[in-house]
Amino acid sequence: MTHDHPPKPDLQDPTRQYPRPPFQQQPQRAPGLAREMVPRPDHGEESYVGTGRLAGRKALITGADSGIGRAVAIAFAREGAAVTLNFLPKEEADANEVIELARDAGVDVHAMPGDLTDEAFCQHLVGEAHRRMDGLDLVVNVAGKQSWQESIRDITTEQFDATFKTNVYAMFWICKAALEHLPPGASIINTASIQSYDPSAILADYAPTKAAIVAFTKALAKQVAKDGIRVNAVAPGPIWTPLQPSGGQPQEKVEKFGANVPLGRPGQPVEVAPAYVLLASQAASFVTAEVYGVTGGHSSS
Ligand code: NAD
Ligand code: MG
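- The protein chain appears in an unreviewed UniProt entry as SDR family oxidoreductase from Dyella ginsengisoli.
- What UniProt records for the protein chain under Sequence similarities (unreviewed entry) is the sentence "Belongs to the short-chain dehydrogenases/reductases (SDR) family."

### A look at the packing of helix α4 (residues 157-178) against helix α5 (residues 206-224)
- Running from N to C, α4 and α5 cross one another at 15°; their axes reach a closest spacing of 8 Å. With respect to α5, the axis of α4 lies roughly parallel. Crossing of α4 against α5: the hand is right-handed. Residue-level inspection shows T163, F164, N167, V168, M171, F172 and C175 of α4 in contact with α5, the latter providing Y206, P208, T209, K210, A212, I213, F216 and L220.
- Of the residues in the contact of α4 with α5, the class split is eleven nonpolar, three polar and one charged.

### Points about the site of ligand 1
- Taken together, 32 residues are adjacent to ligand 1, and S66, I68, E91, Y206 and T241 come closest.
- For ligand 1, an oxygen atom lies 3.3 Å from a polar atom in the backbone of G67.
- Taken by itself ligand 1 offers 800 Å² of open surface, and the protein chains cover 97% of this.
- Residue assignment for the shell around ligand 1 shows that the elements contributing at least two residues are α1 (67-78) and α5.
- Its residues placed into classes, the shell around ligand 1 shows 15 nonpolar, 13 polar and four charged.

### Looking at the pattern of salt bridges
- For the structure shown, the criterion picks out twelve salt bridges.
- Linking D227 and K226 is a salt bridge whose minimum nitrogen-to-oxygen distance equals 3.9 Å.
- Given the relative accessible area of 38%, D227 is considered partly exposed.
- Look at K226 and you get exposed, because its relative accessible area is 69%.
- Bridged by salt links that share partners, the residues R35, R40, E45, R70, D94 and E97 form one connected network.

### Some points on the side chain of Q195
- Mapped onto the fold, Q195 is located in the loop between β5 (187-191) and α5.
- For Q195, a relative accessible area of 10% corresponds to the buried category.
- A polar contact is formed between the side chain of Q195 and the backbone nitrogen of S200, at a distance of 2.7 Å.

### Points about the side chain of T163
- If you trace the backbone, T163 turns up in helix α4.
- The class of T163 is buried, set by a relative accessible area of 0%.
- T163 has contacts with K145, V168, D205, Y206 and T209, leaving out every residue within four places of it along the chain.

### Section: α1
- End to end, α1 covers 17 Å across twelve residues, agreeing with the expected 16 Å (1.5 Å per residue, within 8%).
- Most of α1 sits out of view: eleven of its twelve residues are buried.
- Turning to α1, its buried residues number three or more, namely G67, I68, G69, R70, A71, V72, A73, I74, A75, F76 and A77.
- Trailing α1 by a residue or two, G80 shows a phi angle of about 105°, which is positive.

The rules we used
- Residues numbered from 1 in each chain as written.
- Chains lettered and ligands numbered in written order.
- Predicted model: local features only at pLDDT ≥ 70, side-chain atom pairs only at ≥ 80, totals over all residues.
- Heavy atoms only, no water.
- UniProt positions renumbered as here; feature names shortened; annotations may be inferred.
- Axes fitted to C-alpha atoms, helices over the stretch in contact; angles between N-to-C directions.
- Helix = DSSP H or I, 4+ residues; strand = E, 2+ residues; numbered from the N terminus.
- Parallel < 35°, antiparallel > 145°, perpendicular 65-115°, else oblique.
- Left-handed = near helix turned anticlockwise from the far one by under 90°.
- Contact = heavy atoms within 4.5 Å.
- Nonpolar A, V, L, I, M, F, W, Y, C, P; charged D, E, K, R; others polar.
- Near = heavy atom within 4 Å.
- Polar contact = N/O pair within 3.5 Å; in protein donor to acceptor, adjacent residues only side chain to side chain.
- Areas by Shrake-Rupley, 256 points an atom, 1.4 Å probe, with all protein chains shown as cover.
- Salt bridge = Lys/Arg side-chain N within 4 Å of Asp/Glu carboxyl O.
- Buried < 20%, exposed > 50% of the residue type's maximum accessible area, 1.4 Å probe, protein only.
- Expected span 1.5 Å × (residues − 1).

Now the structure itself:
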């Protein structure tokens, strides 16, 4: 095909595409709300365009109210997947925005608020997702807890336990329950971090959970490959989400968030979603036991 006027390419400088530090200090209580962040994160509300890559798929997404999970929920819905969204009840204000955006995409949307540190709830969540969507073939574990502490002396057993329950146990409980339902062709995607490989001194409980997620992902992938189920992880670098100003980082680090990666800024949730879409889709049919970094250049896996 020839063009009299060839289409203008969508060339954008990624270093200038989104806000760069410095940011203002903006303390929130965990789990924090995206709607209270300045600037507001971009989860693809205006920009993500789907092309039917997940048409007819049925996805359970945790942490779906804000940040990376919200961007995944918007992207999956616009790619044609039915979605069951989990979040904490106190995040309903954020969640309602996502539910509306996903419904606008014309797919089935189910809200399942609840606390993932409860094993019985995780089992109920998976069962209900399967029942309400009449199937389940995508499981995306995004929910996570991150609480910085200067010293190991300040990490209480309660914090250590809550971080592992949220980040590791919930993923284990959800995967275990989901494998009762997942058909060949299904895909599980977990959320690791640059912290899996390059841990910060102030994240001595969180970073090990992210290393555990990588090892669990690879082990499970090898175990269920014979069943035709793929298991992968996405490992983001600094992403502009409520996790960070609500206790994930000291406020002085929020001011400079993203400054130390080669692209010089934090990523936006919408920039992470395409990795999940790829890993979910049949285009990634030969990709399993992998960890996909989205780090602004601070790669170290
Ligand atoms: P976020 O705060 O928007 O999302 C985290 C979500 O976890 C919350 O919205 C909440 O719904 C959920 N959650 C927390 N505790 C829960 C519980 N007990 N029960 C149910 N849900 C619970 O922040 P985010 O940055 O989008 O985080 C999503 C994932 O990305 C996390 O696993 C995080 O570790 C990971 N991650 C984030 C970054 C980053 O820089 N933001 C970098 C690497 C990895
Ligand atoms: Mg949230």
